[in-house]
Amino acid sequence: MAVLLQASNLTKRFGDVAAVNGVSFGLEAGTCFGLLGPNGAGKTTIIEMLEGITDADGGKIFYRGKPVGVDFRNDAGIMFQSTALQDYMTVREALEMFGSFYPRPAPIDELIDTCSLGEFLDRDSRKLSGGQRQRLLLAIALVNDPQVVFLDEPTTGLDPQARRNLWALVKRIRAQGKTILLTTHYMEEAYELCDEIAIMDHGKIITRGSPKTLLAEHFDEVVLQLPRADIPADPAELPLPVTLHEEEETVEILSRDINATIRILLDNDISLAGLQIRPRTLEDLFLALTGEELRA
Amino acid sequence: MSWRRFLAVLKARNREFIRDRSALGWNIFFPVLIVAGFAFAFSGKPMDLYKVGVYAADPVQKLAEVQKTQAFFRTDYIQFIPISKLAPAITKVERHQLDMLFDLDQHHYWINRDSPKGYLLERVLHGADTVADITNSPAGNFQRQTVSGREIRYVDWLIPGILAMNMMFSALFGVGYVIVRYRKSGVLKRLQATPLTAFEFLSAQVVSRLWLILAITSGVYAGADLFIDFSMFGNYALLLLVFTLGAVSLISLGLLVAARIASEELAGGILNVLSWPMMFLSGVWFSLEGTNPLVQKLALLFPLTHVIDAARAIMIDGAGLAGISTQLVVLTLMSAVFLLLGAVLFRWK
Ligand SMILES: Nc1ncnc2c1ncn2[C@@H]1O[C@H](COP(=O)(O)OP(=O)(O)OP(=O)(O)O)[C@@H](O)[C@H]1O
Ligand SMILES: [Mg+2]
């Protein structure tokens, strides 16, 4: 597949902080690429350099093989992590105004339909719920019928239902053949939406690949979870790789061979009534790679 | 420059302003307040220039008597006030609240040595009965000549200044503040991500404020015309031109201030630092004639000074295009410089 947008060795400093420190990656046409990382990792800075909102200190950005220019604005759809619209502007008026900035705007009715804005078209944009507002901002990002869509934490602050609605929307956009770059703190989100992810921390990409490959590459074990109370003695004395989670009052045991592990547990007279088994997640991967919680 | 984008921003800004009831209300209410205030202040007959207290056992009757017999007590522009208690009245003379005080019973009069008005009144008192003597005496080789004409009253002089001052506040704060607010809240950042250019955005802000200012200034003018008697000897189109250029220059100054600032407090501070000296030194309230020459030079740096000078020339003297060409050129240059600098320095973030 063709690389649509290419970032090569991007750097950006804010005073002493190296916000982005030599980041390179390519965005393949028609795919969804996810940037994952804890607060302050540099996700927003990268995305804003690609959008042309922030000037990079070093590195190059290519669009369709050529250095990006002002014209890229016509092809890029942007949803900022936080945005304000003018006061006293209805949803429809916002769409109309942003639409008229572009030479080839998308038909407004189509946007309204795609993003389900019909119910509150004439409402003041300040009086929308969080989910409605994100849908409007997404519609504005799509107003120019863009080739590349940048979504910076599109679902932060939404309830699980609204988050799932927005996922469906992103999938619909991807199905239309658009290329998507999104950032998120949510592993399920990246797993659900992205063909490829890059995990970053302290301005650097630590690892990248498809979610499934990454998990397969790094892990061949599953996690057994037990309530702390079900283990009478000191869990550390078990002949197993045990992690104690004080706050959640659970014990997690990594296992390559479930049968063997369970046998040991039974030998130690531990009740399996509260046992849960889960595969290792991107969350675990992040923790393993950086020693930090992803949602720090 | 894309007209489509320019018009879209213009429409959005106008709509925002019109829907913001409190801002709209204030922009209409404030000028009404100004007109009402000045209409009230300048209604009624011209005020007397001097205040003279007249004390006697029966001051009202005694005053009526002396006004029949003595010319001084019939002098125009002096207000004669019957006084029934002497001591407090003397205190008033000390404080310049009365310019002169007569005790008709004891045949005393008091003036304050430090009061110029008292000094003049005393001269009038001594000369009042002998004007005829002066003009007719061989020593007074003066022939009396008279001219007549409408005086330039304070109100004639003040109205152009008030119109311009109202315009200044609307221009500076209406544009500067709004842009800083947009920047702070992130509205500008969202616009930056579109093909909209800074020039398109800024010119839409200028035009939106300009029509508003011209509409409101015309309204204030019409309202003042209804209730206040002031002079307008010049050409209306020329006056409109002066106010248009003045508004553009002041709006551009507002843009320049707002070019980079992201804090409303800082912007408000700078706008105040600009507008207050302009209000006092541009000659809105009093003429700078006879003040420190340095201050007069400084005042020429303010656009408002040139707007007011030109507006006064048109309204009071009936000046034509030639009479105000200097001000027009200066205002045009100032607009160009401010606008250019503002556009160059402008940052979305
Ligand atoms: N305008 C700025 N001035 C100074 N420092 C900045 C600026 N913007 C970002 N930074 C710093 O750069 C680093 C990266 O910030 P960035 O916003 O890219 O993180 P992020 O990954 O998007 O975080 P989050 O998940 O919280 O949105 C942080 O340490 C941040 O404090
Ligand atoms: Mg961010």
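A brief structural summary. Just so you know, these numbers come straight off a predicted model, no measurement behind them.

Let us look at the packing of aromatic side chains. The full count for this structure, using the stated rule, is 21 aromatic pairs over all chains. Seen from their ring centres, B:Tyr221 and B:Tyr236 are 5.9 Å apart, and the 85° between their planes marks the pair as edge-to-face. With B:Tyr221 in helix α9 (residues 198–227) and B:Tyr236 in helix α10 (residues 236–257), this residue pair connects regions lying 15 residues apart in the sequence. Accessibility expressed as a relative area gives 10% for B:Tyr221, which makes it buried. Aromatic ring contacts, followed pair by pair, group B:Phe72, B:Phe73, B:Phe80, B:Phe102 and B:Tyr109 into a single cluster. Of note, A:Arg163 hangs over the ring of A:Tyr186, and the distance from its end group to the ring centre comes to 3.8 Å. Over the aromatic face of B:Trp157 sits the side chain of B:Arg312, whose NZ or CZ is 3.6 Å from the ring centroid.

Our focus in this paragraph is the site of ligand 1. Residues and elements named next belong to chain A. The immediate surroundings of ligand 1 are formed by 14 residues, with Asn39, Gly40, Lys43, Thr44 and Thr45 found nearest. Between ligand 1 and Ala41, the relevant distance is 3.2 Å, taken from an oxygen atom to a main-chain nitrogen or oxygen of the residue. In the model, an oxygen atom of ligand 1 is placed 2.9 Å from a nitrogen or oxygen of the Gly42 main chain. Expressed as a share of its isolated accessible area of 640 Å², the protein-covered part of ligand 1 is 62%. Those elements giving two or more residues to the shell around ligand 1 turn out to be β2 (17–28) and α1 (43–51). Sort the elements by how many residues they give to the shell around ligand 1 and α1 lands first, with three residues. Class assignment for the residues of the shell around ligand 1 results in five nonpolar, seven polar and two charged.

Moving on to the sheet that holds β2(A). Residue and element names in this part refer to chain A. Strands sit in the order β2-β1-β4-β5 across an open sheet of four strands; the sheet is antiparallel. Edge positions in the sheet fall to β2 and β5 (66–67), since each of these pairs with one other strand and no more. Lying on the sheet, α1 is in contact with β1 (3–14), β2 and β4 (58–63); it crosses β1 at an angle near 120°.

Right, let's get into unusual backbone geometry. With glycine set apart, most residues show a phi of negative sign, and most peptide bonds adopt trans. Although it is not a glycine, A:Asp145 sits at a positive phi angle of roughly 50°. Residue A:Asp145 is classed as partly exposed on the basis of its relative accessible area of 43%. With phi around 65°, B:Tyr77 is a residue other than glycine that occupies positive phi space. With respect to the helices and strands, the residue B:Tyr77 is situated in the loop between α3 (59–69) and β2 (78–83). Looking at B:Tyr77, the relative accessible area reads 54%, which means it is exposed.

If you check helix α1 (residues 3–19) of chain B, its first and last C-alpha atoms are 24 Å apart, about what 17 residues at 1.5 Å a residue would give, namely 24 Å. Residues B:Arg5, B:Phe6, B:Ala8, B:Val9, B:Leu10, B:Ala12, B:Arg13, B:Asn14, B:Arg15, B:Glu16 and B:Phe17 constitute the buried set of α1(B). Among the structural elements, α3 (91–99) of chain A together with α2 (21–41), α7 (154–185) and α9 of chain B are those in contact with the buried residues of α1(B).

Time to look at the pairing of strand β12 (residues 242–245) of chain A. Residues and elements named next belong to chain A. Looking at chain direction, β12 and strand β13 (residues 250–255) are connected through four bridges and run antiparallel. When the bridges of β13 are listed, Thr243 appears paired with Glu252. Hairpin remark: β12 followed by β13, antiparallel, with four residues in the connecting loop; positive phi at Glu249, about 50°.

Contacts between chain A and chain B engage 27 residues on the former and 24 residues on the latter. Roughly 2300 Å² of surface becomes buried between chain A and chain B when both sides are summed, with 55% attributable to carbon and sulfur atoms. Summed over the shared surface of chain A and chain B, the result is four salt bridges. Measuring nitrogen to oxygen at the nearest pair gives 3.4 Å for the salt bridge that ties B:Arg181 to A:Asp87. Applying the counting criterion to the chain A and chain B interface returns 14 residue pairs in polar contact (both at pLDDT 80 or more). Mapped by element, the contributors of at least two residues to the side of chain A that touches chain B are α2 (72–75), α3 and α5 (130–141) of chain A. In terms of residue count, α3(A) provides more of the side of chain A that touches chain B than any other element does, four residues in total.

So, about the pattern of salt bridges. Considering all chains together, one arrives at 18 salt bridges over all chains under this definition. Of the charged contacts, one joins B:Lys189 and A:Glu48 as a salt bridge, the two residues approaching to 2.6 Å between their closest N and O atoms. Taken together, the positions of B:Lys189 in helix α8 (residues 187–192) and A:Glu48 in helix α1 put the pair across two chains. Note that A:Arg92 and A:Asp122 form a salt bridge whose closest N and O atoms lie 3.6 Å from each other. Here A:Arg92, found in helix α3, pairs with A:Asp122, found in the loop between α4 (108–114) and α5; they are 30 residues apart in sequence, far enough to count as distant. The class of A:Asp122 is exposed, set by a relative accessible area of 58%. One network of salt bridges, with partners in common, ties together A:Asp87, A:Asp124, A:Arg126, B:Arg13, B:Glu16 and B:Arg181.

What counts, and where the lines are drawn
Residues numbered from 1 in each chain as written. Chains lettered and ligands numbered in written order. Predicted model: local features only at pLDDT ≥ 70, side-chain atom pairs only at ≥ 80, totals over all residues. Heavy atoms only, no water. Phe/Tyr/Trp six-rings, centres within 6.5 Å; stacked < 30°, edge-to-face > 60°. Helix = DSSP H or I, 4+ residues; strand = E, 2+ residues; numbered from the N terminus. Buried < 20%, exposed > 50% of the residue type's maximum accessible area, 1.4 Å probe, protein only. Lys NZ or Arg CZ within 6 Å of the ring centre and 35° of its normal. Near = heavy atom within 4 Å. Polar contact = N/O pair within 3.5 Å; in protein donor to acceptor, adjacent residues only side chain to side chain. Areas by Shrake-Rupley, 256 points an atom, 1.4 Å probe, with all protein chains shown as cover. Nonpolar A, V, L, I, M, F, W, Y, C, P; charged D, E, K, R; others polar. Pairing = 2+ DSSP bridges. Contact = heavy atoms within 4.5 Å. Axes fitted to C-alpha atoms, helices over the stretch in contact; angles between N-to-C directions. Expected span 1.5 Å × (residues − 1). Buried area = accessible area lost by both parts, 1.4 Å probe. Salt bridge = Lys/Arg side-chain N within 4 Å of Asp/Glu carboxyl O.

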